[in-house]
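Per-entry structural report
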Amino acid sequence: GQQVMQIPQYQHVQEGEDFTTYCNSSTTLSNIQWYKQRPGGHPVFLIQLVKSGEVKKQKRLTFQFGEAKKNSSLHITATQTTDVGTYFCAGDYNNAGNMLTFGGGTRLMVKP
Amino acid sequence: SAVISQKPSRDICQRGTSLTIQCQVDSQVTMMFWYRQQPGQSLTLIATANQGSEATYESGFVIDKFPISRPNLTFSTLTVSNMSPEDSSIYLCSVGLNSYEQYFGPGTRLTVT
């Protein structure tokens with residue numbers, strides 16, 4: 001079946017360091033979404049990427065969608081303690097918006 | 001955006017019993033989804049619940065175990081039937097807006113003893 005692999009599983013960084021999480025799909029995606037889940041919270045939608053090679057920025061967060069629409073990355077510049085949480089990518093294979101396949105998530109821990 | 005509430009927020013249940021989880025949305029939505037998330041793990045889609053039709057279940061989930069109701073455009077229930085300790089998990093409902101982004105409820109933390 002369709003799978004979305006996400007690495008790394010965990011990442012410890014010192015506050016101020018950069019952080020990147022990567023997602024890879026075995027087959028072409030229609031679009032990819034990113035969610036953040038704070039400890040004890042629920043996933044919160046961050047962004048959707050649709051176009052091949054698309055790059056979007058939200059303040060210190062940069063999201064990229066690969067040219068082949070099979071991989072994506074989330075990069076955080078100069079992490080802050082408020083960035084702590086688990087970041088999930090979620091692949092949409094049929095553009096119906098209702099069949100998201102979530103990656104395993106990357107848990108980010110930031111040391112002050 | 002959408003505001004979603006779930007009841008109960010948590011429960012401890014004995015094996016063999018059933019628990020019904022409620023999901024309420026503050027606006028009318030077509031698509032509602034139920035997920036399971038074991039502690040420290042990713043989200044697994046259980047089923048899609050659209051008003052006016054039978055729920056669509058993902059591989060590994062069956063209606064007898066996880067019956068779902070969707071009586072109107074703002075409400076849905078998920079029942080976890082004949083529970084075993086393996087059903088201990090967080091159950092989340094979500095709604096689809098704008099044809100893609102999903103908004104999640106706060107979750108129901110279920111422990112089966």
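Rules used throughout
- Residues numbered from 1 in each chain as written.
- Chains lettered and ligands numbered in written order.
- Predicted model: local features only at pLDDT ≥ 70, side-chain atom pairs only at ≥ 80, totals over all residues.
- Heavy atoms only, no water.
- Helix = DSSP H or I, 4+ residues; strand = E, 2+ residues; numbered from the N terminus.
- Buried < 20%, exposed > 50% of the residue type's maximum accessible area, 1.4 Å probe, protein only.
- Contact = heavy atoms within 4.5 Å.
- Buried area = accessible area lost by both parts, 1.4 Å probe.
- Salt bridge = Lys/Arg side-chain N within 4 Å of Asp/Glu carboxyl O.
- Pairing = 2+ DSSP bridges.
- Axes fitted to C-alpha atoms, helices over the stretch in contact; angles between N-to-C directions.
- Disulfide = S-S within 2.5 Å.

Things to note about the overall build of chain A
- Assigned secondary structure in chain A consists of zero helices and 11 strands.
- Along the first, second and third principal axes, the C-alpha set of chain A runs to 40 × 25 × 20 Å.
- Going through the 112 residues of chain A one by one, you find that 49% of them count as buried.
- A separation threshold of at least 6 residues defines the contact pool for chain A, and within that pool the share at least 24 residues apart is 55%.

Some details on the interface of chain B and chain A
- Counting residues at the interface gives 18 residues for chain B and 16 residues for chain A.
- Where chain B abuts chain A, roughly 1,400 Å² becomes buried across the two surfaces, and 57% of that area is made up of carbon and sulfur atoms.
- Counting the surface chain B buries against chain A, the share from its top three residues, Y100, Q102 and F104 of chain B, is 34%.
- Counting the contacts that link chain B with chain A gives zero salt bridges.

Comments concerning the sheet that holds strand β8 (residues 71-76) of chain A
All names here are of chain A.
- A sheet is described by the order of its strands in space; here five strands give the open sequence β1-β3-β8-β7-β6, paired in antiparallel fashion. Bordering the open sheet on either side are β1 (4-7) and β6 (55-58), each of which pairs with just one other strand. Along the sheet, successive strands turn relative to each other by an average axial angle of 15°, direction set aside.
- Sheet analysis places β6 next to strand β7 (residues 61-65), joined by four bridges and oriented antiparallel. Across the sheet, the residue bridging to K57 is T62, located in β7.

Focus: the pairing of strand β5 (residues 44-49) of chain A
Residues and elements named next belong to chain A.
- Of all six residues in β5, five are buried, a share of seventy percent or more.
- Note that strand β4 (residues 31-37) and β5 share five bridges and pair antiparallel. Looking across to β5, one finds that Y35 is bridged to F45.

Topic: the state of the cysteines
- If you walk through the whole model with that rule in mind, you get two disulfides over all chains.
- The disulfide bridge from C23 of chain A ends at C89 of chain A, spanning 1.7 Å between sulfur atoms. Taking the torsion about the sulfur-sulfur bond, which here is approximately -95°, the covalent link between C23 of chain A and C89 of chain A counts as left-handed. Highlighted residues: C23 of chain A in strand β3 (residues 19-25) and C89 of chain A in strand β9 (residues 85-92), separated in sequence by 66 residues.
- The class of C23 of chain A is buried, set by a relative accessible area of 3%.
- Cysteine C13 of chain B is unpaired, with the sulfur of C93 of chain B as its nearest cysteine sulfur at 17 Å.
- Residue C13 of chain B is classed as buried on the basis of its relative accessible area of 9%.

Some thoughts on unusual backbone geometry
- The residue after I7 of chain A, namely P8 of chain A, is reached through a cis peptide bond having omega -10°.
- With respect to the element layout, P8 of chain A can be found in the loop between β1 and β2 (10-14).
- Here the amide bond leading from K7 of chain B into P8 of chain B is cis, since omega sits at -10°, within 30 degrees of zero.
- The backbone of K69 of chain A sits at a positive phi, close to 55°, despite the residue not being glycine.
- With respect to the secondary-structure elements, K69 of chain A resides in the loop between β7 and β8.

Some remarks on the environment of T74 of chain B
Residues and elements named next belong to chain B.
- Within the secondary structure, T74 is located in the loop between β7 (68-72) and β8 (75-80).
- Between the alpha carbons of T74 and P85 there is a distance of 31 Å; along the sequence they are 11 residues apart.
- Filtering out sequence-adjacent residues up to four positions away, T74 remains in contact with C23, Q24, V25, S27 and Q28.

Concerning the pairing of β8 of chain A
Residue and element names in this part refer to chain A.
- Bridge analysis of β3 against β8 gives six bridges, and the strand direction is antiparallel. The residue of β8 that forms the bridge with T20 is H75.
- As judged from the five bridges shared by β7 and β8, these two strands associate in the antiparallel manner. In the sheet register, L61 faces β8, and the bridge partner there is I76.
- Between the end of β7 and the start of β8, which pair antiparallel, lie five residues, with K69 showing a positive phi angle near 55°.

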